[in-house]
Amino acid sequence: MPLPQAVLSHVDEAQQPRMVDVGAKPVTHRTATARARVTFPPDVAAALHAAGYVTPKGAVLTVAHIAGVMGAKATSQLIPLCHPLSLDKCDIAIRIEGVDALVDCTVSCRGSTGVEMEALTGASIAALTIYDMCKALSHDIVIAEVRLMTKTGGKSDLDFRSKASA
């Protein structure tokens, strides 16, 4: 059974991909926060903590932070139908909880389309960078739960923080 057209805004009447026309939408302040979880094997988590999260490749959390910002800024180059946005802000926060690194990416702009994809991309790229910088210690590192936490602006505000497992 086909989905209602309203659900699939990135296809036209002939079911062909299209970039949504946001020209008539009002410009509002828009924000989004996304989270990615990186889980290390316990021995790897302990070794990283003991080493101050520095590996032979460098300062893991610092490089992941920069990569997350770069990823958020490059979203429209990576996701085919995303609009290029001029971001006002992109913050990456990485906190360690036991064997997990929780990567939060918060993005904002003034525009006529949301920044959810930028936040999700920023969190994902930061998580992938953590994996890359730590894979010499183990390939049993898991990136999981890449999810939207909040969004504001546009038609609706959303808050999924109570559904997050951390």
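Shown above is the structure to which this text applies.
What counts, and where the lines are drawn
- Throughout, a residue's number is its position along its own chain's written sequence, starting from 1.
- Only residues with pLDDT of at least 70 are given local features in this predicted model, and only at 80 or more are side-chain atom pairs given and counted; all residues enter the totals for whole chains, interfaces and linings.
- As a convention, hydrogens and water are excluded, and side-chain values are obtained from all of the structure's heavy atoms.
- Any two strands are treated as partners once DSSP identifies two or more bridges connecting them.
- Every helix listed is a DSSP run of H or I at least four residues long, and every strand listed is a run of E at least two residues long, numbered separately from the N terminus.
- We call two residues in contact whenever any of their non-hydrogen atoms come within 4.5 Å of each other.
- For helices, the fitted axis covers only the stretch in contact; all axes are lines through C-alpha atoms, and the angles between them, taken along N-to-C directions, range from 0 to 180 degrees.
- Burial classification: accessible surface area is computed with a 1.4 Å probe over protein chains only, and a residue below 20% of its type maximum counts as buried, one above 50% as exposed, and the rest as partly exposed.
- Any carboxyl oxygen of Asp or Glu within 4 Å of a side-chain nitrogen of Lys or Arg constitutes a salt bridge here.

(A) Representation of the sheet that holds strand β1 (residues 28-39). The sheet built from five strands is open, its strands ordered β4-β5-β1-β6-β7 with antiparallel pairing. Each edge of the sheet is formed by a strand with only one pairing partner; in this case those strands are β4 (89-97) and β7 (158-159). Contacts from helix α2 (residues 60-73) reach β4 and β5 (100-111) within the one sheet, and its direction differs from that of β4 by about 145°. Relative to β1, helix α4 (residues 116-134) is tilted by about 25°, and along the sheet it contacts β1, β4, β5 and β6 (142-152).

(B) Region of interest: the environment of L48. Its place among the elements puts L48 in helix α1 (residues 42-50). With relative accessibility at 2%, the residue L48 sits in the buried group. When the C-alpha atoms of L48 and V60 are compared, they prove to be 9.1 Å apart, with 12 residues separating the residues in sequence.

(C) Local environment of the pattern of salt bridges. In the structure shown here, the tally under the stated rule is 10 salt bridges. Measuring nitrogen to oxygen at the nearest pair gives 2.7 Å for the salt bridge that ties R35 to D104. Linking R35 in strand β1 with D104 in strand β5, this pair joins segments that are 69 residues apart in sequence. Just as R35 is buried, D104 falls in that class too. Ionic pairing is found between D100 and R37, a salt bridge with its closest N-O pair at 2.7 Å. Within this pair, whereas D100 is found in strand β5, its partner R37 is found in strand β1, the two being separated by 63 residues in sequence. The two residues D100 and R37 agree in class, both being buried.

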